[in-house]
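Take a look at the letters that make up each chain.
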Amino acid sequence: MKLRTRVRLLLATAATAALALTGFTAPAPASASILDIPPRGANDWSCKPDSAHPRPVVLVNGTFKLMAENWAALSPKLKDAGYCVFAFNYGKLETAPIPQAAAELKDFVEAVRGATGAAKVDIVGHSQGGMMPRYYVKFLGGADKVGDLVGIVPSNHGTTNPLAIPTGYTFCPACLDQRTGSDLLTKLNAGDETPAGPDYTVITTRHDEVVIPYTSALLSGPAEHLTNVVLQDKCPLDPFMHDQATKDPVVAQWVLNALSRTGPADPGFQPRCLG
């Protein structure tokens, strides 16, 4: 985890230098940093949803992720498909306790709804970002504000990855919250895992090396409101693992399928497989 953090800081430094060389100035306040630069296609606050794409899409990062990198591939695809797209960084690189992160998501959703005039948003989240919005839906009044919740390799039932413990007790409370059997996940998964309101789509990979076992991503609920997708069930050779799952073209097809129809993703959908 510490190595990953150092790599991200190096990438941020390199990106800052590149922006300086090109003379590019981001449309953000003077106090903003490289952390505030959204992915391409996101955060056009003048965007208004149309009848074909009535709900704006809110992208929610995974732990330790910056929005510009996390959504570099998927954000422009959603924008090109006609959606208003919004992204944000939260919770000190997504390390803050899950309830705090969910409160930040609630505020961001309200800002998006206010700017676009939409009654509801769709949420697409990666890892923690696929699980944490469920807390917002279940406990913070989000059930009637979210149309679709699409989780990409979400930590819905936590992970047995041993790295969650040392990082959790040093600088990442969210990592402790994402351990299998944590108090947070016990509370979140008690009773109905898919509360009424949104439609739920879970997309996971058998090659997940972070959320262990990969099946802990999957949810229980009624088929009319929930679709669980394991990438290799339809594309056996799909190689994508956890970290770069948002950049998988097959994942993008599943996301677009879920957002474009009534209900969750079509379990009978056959994406175009890699190669």
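Quantities reported herein were computed from a predicted structural model and do not represent experimental measurements.

Draft legend 1. Inspection of the overall build of the chain at higher detail. Each helix and strand counted, the chain has 11 helices and six strands in total. Counting the 275 residues in the chain, one finds 50% classified as buried. Considering only contacts in the chain between residues 6 or more positions apart, those separated by 24 or more positions represent 77%. Just so you have it, the chain exposes about 11,900 Å², and 62% of that area is on carbon and sulfur atoms.

Draft legend 2. A look at the packing of helix α5 (residues 98-116) against helix α6 (residues 128-139). Remark: α5 packs on α6, axes separated minimally by 9 Å, with the N-to-C direction vectors making an angle of 80 degrees. If you check the angle between α5 and α6, you find them roughly perpendicular. Counted together, Ile-98, Pro-99, Ala-101, Ala-102, Leu-105, Lys-106, Val-109 and Glu-110 of α5 and Gln-128, Met-131, Met-132, Pro-133, Tyr-135 and Tyr-136 of α6 form the full contact between these two elements. Here the residues of the contact of α5 with α6 are counted per class, giving 11 nonpolar, one polar and two charged.

Draft legend 3. How the structure looks around the pattern of salt bridges. Under the counting rule described, the total for this entry stands at nine salt bridges. Note that Lys-79 and Asp-44 form a salt bridge whose closest N and O atoms lie 4.0 Å from each other. Of this pair, Lys-79 sits in helix α3 (residues 74-80) while Asp-44 is found in the loop between α1 (2-22) and β1 (57-60), placing the two residues 35 residues apart along the sequence. Take Asp-44: its relative accessible area is 34%, and that puts it in the partly exposed class. Two residues, Glu-69 and Lys-65, come together in a salt bridge whose shortest N-O distance is 3.1 Å. Given the relative accessible area of 22%, Glu-69 is considered partly exposed.

Draft legend 4. Inspection of the pairing of β1 at higher detail. Residues Val-57 and Leu-59 of β1 are buried on one face, and the alternating residues Val-58 and Val-60, pointing to the opposite face, are buried as well. By the bridge criterion, four bridges tie β1 to strand β2 (residues 85-88) in an arrangement that is parallel. Across the sheet, the residue bridging to Val-58 is Phe-86, located in β2. Sheet topology note: the β1/strand β3 (residues 121-126) ladder contains four bridges and is parallel. Counterpart to Val-58 in the pairing with β3 is Ile-123.

Draft legend 5. Layout of the nonpolar core. Counting 35 residues, the largest nonpolar core has Val-58, Val-60, Leu-105, Ile-123 and Met-132 as its most contacted members. The leading source of residues in this core is α5, at seven residues. Setting aside chain neighbours within four positions, we find Ile-123 in contact with Val-58, Val-60, Leu-105, Pro-133, Tyr-136, Val-146, Asp-148, Leu-149 and Val-150.

Draft legend 6. Examining the confidence of the model for the chain more closely. Of all residues in the chain, 87% have pLDDT values of 70 or greater, and the mean over the chain is 89. Considering only residues more than four positions removed or in separate chains, one finds that residues 1-31, a stretch of pLDDT under 50, has 18 contacts.

Draft legend 7. Seen up close, the sheet that holds β2. Ordered by their spatial adjacency, six strands build an open sheet running β2-β1-β3-β4-β5-β6, and the pairing between neighbours is parallel. The open sheet has two edge strands, β2 and β6 (226-230), and neither has a second partner. For this sheet, the mean angle separating the axes of adjacent strands, direction not counted, is 15 degrees. Sheet topology note: the strand β5 (residues 199-204)/β6 ladder contains five bridges and is parallel. Bridge pairing in β6 links Val-202 to Asn-228.

Draft legend 8. Structural view of the side chain of Asn-189. Mapped onto the secondary structure, Asn-189 falls in helix α9 (residues 183-189). Of the residues examined, Asn-189 reaches a relative accessible area of 14% and is grouped as buried. In contact with Asn-189, not counting residues within four places along its chain, are Arg-134, Lys-138, Asn-156 and His-157.

Draft legend 9. Region of the structure containing the state of the cysteines. Per the counting criterion, the structure on display carries three disulfides. Residue pairing for Cys-172: its cysteine sulfur links by disulfide to Cys-175, the two sulfurs lying 2.2 Å apart. With the S-S bond torsion at 80 degrees, the cross-link from Cys-172 to Cys-175 turns out right-handed. Each member of the pair, Cys-172 together with Cys-175, is buried. Cys-235 shares a disulfide with Cys-273; S-S distance 2.1 Å. Between Cys-235 and Cys-273, the S-S dihedral sits near -85 degrees, and the bridge is therefore left-handed.

What counts, and at which threshold
- Residues numbered from 1 in each chain as written.
- Predicted model: local features only at pLDDT ≥ 70, side-chain atom pairs only at ≥ 80, totals over all residues.
- Heavy atoms only, no water.
- Helix = DSSP H or I, 4+ residues; strand = E, 2+ residues; numbered from the N terminus.
- Buried < 20%, exposed > 50% of the residue type's maximum accessible area, 1.4 Å probe, protein only.
- Contact = heavy atoms within 4.5 Å.
- Areas by Shrake-Rupley, 256 points an atom, 1.4 Å probe, with all protein chains shown as cover.
- Axes fitted to C-alpha atoms, helices over the stretch in contact; angles between N-to-C directions.
- Parallel < 35°, antiparallel > 145°, perpendicular 65-115°, else oblique.
- Nonpolar A, V, L, I, M, F, W, Y, C, P; charged D, E, K, R; others polar.
- Salt bridge = Lys/Arg side-chain N within 4 Å of Asp/Glu carboxyl O.
- Pairing = 2+ DSSP bridges.
- Core = buried A, V, L, I, M, F, W, Y, C linked by side-chain atoms within 4.5 Å.
- pLDDT = per-residue confidence, 0-100.
- Disulfide = S-S within 2.5 Å.

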